[in-house]
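# Structural overview
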Amino acid sequence: MPITRLAPEQRLSGAVIGGGLIWLAGQVADDATLDAEGQTADILKQIDALLAEAGTDKRALLSVTVILADIRDAPAMNRAWDRWLDPAHKPARMTIEAALVDPRWKVEITGVALAP
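Here's a quick rundown of the structure. On a predicted model such as this, the values are computed, not experimentally measured, just so you know.

Rules used in this analysis
Residues numbered from 1 in each chain as written. Predicted model: local features only at pLDDT ≥ 70, side-chain atom pairs only at ≥ 80, totals over all residues. Heavy atoms only, no water. Helix = DSSP H or I, 4+ residues; strand = E, 2+ residues; numbered from the N terminus. Rg over C-alpha atoms; globule rule 2.2 N^0.38 Å. Buried < 20%, exposed > 50% of the residue type's maximum accessible area, 1.4 Å probe, protein only. Core = buried A, V, L, I, M, F, W, Y, C linked by side-chain atoms within 4.5 Å. Contact = heavy atoms within 4.5 Å. Pairing = 2+ DSSP bridges. Axes fitted to C-alpha atoms, helices over the stretch in contact; angles between N-to-C directions.

Let's shift gears to the overall build of the protein. Broken down by element type, the protein carries two helices and six strands. Taken from N to C terminus, the helices and strands of the protein fall in the order β-β-β-α-β-α-β-β. The C-alpha radius of gyration of the protein comes to 14 Å, within 12% of the 13 Å expected for a compact globule of 116 residues. Structurally, the protein occupies a C-alpha span of about 40 × 35 × 20 Å along its principal axes. Of all 116 residues assigned to the protein, the portion counted as buried reaches 43%.

Within the largest apolar cluster, 28 residues are counted, with the highest numbers of intra-cluster contacts made by Ile22, Ile47 and Ile109. Elements with a contribution of two residues or more to this core: strand E2 (13–18), strand E3 (21–27), helix H1 (36–53), strand E4 (61–68), helix H2 (74–84) and strand E6 (107–114). Among the elements that make up this core, the one with the highest residue count is H1 (six residues). When near neighbours in sequence (up to four residues on either side) are disregarded, isoleucine 47 contacts Leu24, Gln27, Trp84 and Ile109. Core analysis: the second largest hydrophobic core is formed by five residues, Val28, Ala32, Ile67 and Leu100 among them.

Overall, mixed pairing links the six strands, which are arranged E1-E2-E3-E6-E4-E5 in an open sheet. Looking at strand neighbours, the two that pair on one side only are strand E1 (4–8) and strand E5 (92–97), the edges of this open sheet. Strand-to-strand twist of the sheet, defined as the mean angle between neighbouring strand axes without regard to direction, takes the value 10 degrees. Across four bridges, E2 lies against E3 in antiparallel orientation. Counted as the bridge partner of glycine 18 is leucine 21 from E3. Packing of H1 onto the sheet brings it into contact with E1, E2, E3, E4 and E6, and relative to E6 it is tilted by some 25 degrees. Contacts from H2 reach E4 and E5 within the one sheet, and its direction differs from that of E4 by about 155 degrees.

This paragraph deals with the pairing of E2. By the criterion of burial, E2 is predominantly enclosed, with five of the six residues buried. Relative to E2, E1 runs antiparallel, the two being bridged by four bridges. Across the sheet, proline 8 pairs through a bridge with serine 13, a residue of E2. Remark: four residues form the turn of the hairpin made by E1 and E2, two consecutive strands paired antiparallel. Between E2 and E3, which pair antiparallel and follow one another directly, the connecting turn spans two residues, one of which, glycine 19, has a positive phi of 60 degrees.

Relative to E6, E3 is paired through five bridges, and the arrangement is antiparallel. For leucine 24, the partnering residue across the bridge sits in E6 and is glycine 111.

Coordinates in, geometry out; function isn't part of it.
Here you go:
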């Protein structure tokens, strides 16, 4: 079974396609100076780009995990999420609080989508 790796970096790939699924690495904002809403919007654009490179879009998302450095940022994150979400194709989602590698990061998002 072939495995395709997208957006390779030093330690990881931005996404890996295999077994009929697209596995997204944890995505963080390119601009860490943004607030939680801005970081979320930035990350969701990155997810859109990775899914497009894989030949699909957010409607194929099966599951998403949102990690917040501070759970009090959930309303701000949800504002960006709600603008981005396709209401007819909502993935399963979990939101948790955890320390992130870079203290400037407020949000990290990962997920799994169905490959085309």
